[in-house]
Amino acid sequence: MGCACHGGSKLAVADILAFDQCLFCGMKHLTTAWSLWNEFSYQDLNLAAIDGQLRLAIGHLQYIEPELCRRIRDIALKIERRDLEGVSSKAFEDLLEGLQEAIYRENPDMRERISRLRG
């Protein structure tokens, strides 16, 4: 699914760059990393994939959410160095919550729309 910055015009998008600043693209990569962590964190190849998804999230967020990116980078470095004691589902969930709050700040009506859907 295209995000608002890439797919909102309903026109074909010729170039989507890895460093386009986009909260939704960052969330896509961060949730992928979190999913991989919860499912496949037991092999080096899988840890490399998780690290790669975190680095891609940073690319999309580095100019608009620099503090969050520092936190993502801390986890990516721990995974890269296989120092996994400080990496947990809770650490990923904290990052996801921080990014979700940034999305809500940029889309103030989103929280209300979600609340209506939940009934």
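Everything that follows concerns the structure shown earlier in this document.
Enquirer: Is there a simple way to explain helix α3 (residues 44-61) in this structure?
Expert: Taking 1.5 Å per residue, 18 residues should reach 26 Å; α3 reaches 26 Å between its end C-alpha atoms and fits that length. Where α3 is concerned, the buried positions are Asn 46, Leu 47, Ile 50, Asp 51, Gln 53, Leu 54, Ala 57, Ile 58, Gly 59, His 60 and Leu 61. Lining the buried residues of α3 we find α2 (23-40), α4 (66-80) and α5 (89-106).

Enquirer: Please explain unusual backbone geometry as it appears in this structure.
Expert: Glycine aside, a negative phi is what most residues show, and trans is what most peptide bonds show. With a phi angle near 60°, Arg 82 is a residue other than glycine that sits in the positive phi range. In this structure Arg 82 comes out as partly exposed when scored by relative accessible area, which is 35%.

Enquirer: What exactly am I supposed to notice about the nonpolar core here?
Expert: For soluble globular proteins, nonpolar side chains are generally found buried alongside one another. If you look at the biggest cluster of nonpolar residues, it comprises 26 residues, and the most contacted ones within it are Ile 50, Leu 54, Ile 72, Ile 75, Ile 79, Phe 92 and Leu 99. Elements with a minimum of two residues in this core: α2, α3, α4 and α5. When residues in this core are grouped by element, the largest group, 8 residues, is from α5. Contacts of Ile 72, omitting those with residues within four sequence positions, involve Leu 30, Leu 54, Ile 58, Leu 61 and Leu 95.

What counts as what
Residues numbered from 1 in each chain as written. Predicted model: local features only at pLDDT ≥ 70, side-chain atom pairs only at ≥ 80, totals over all residues. Heavy atoms only, no water. Helix = DSSP H or I, 4+ residues; strand = E, 2+ residues; numbered from the N terminus. Expected span 1.5 Å × (residues − 1). Buried < 20%, exposed > 50% of the residue type's maximum accessible area, 1.4 Å probe, protein only. Contact = heavy atoms within 4.5 Å. Core = buried A, V, L, I, M, F, W, Y, C linked by side-chain atoms within 4.5 Å.

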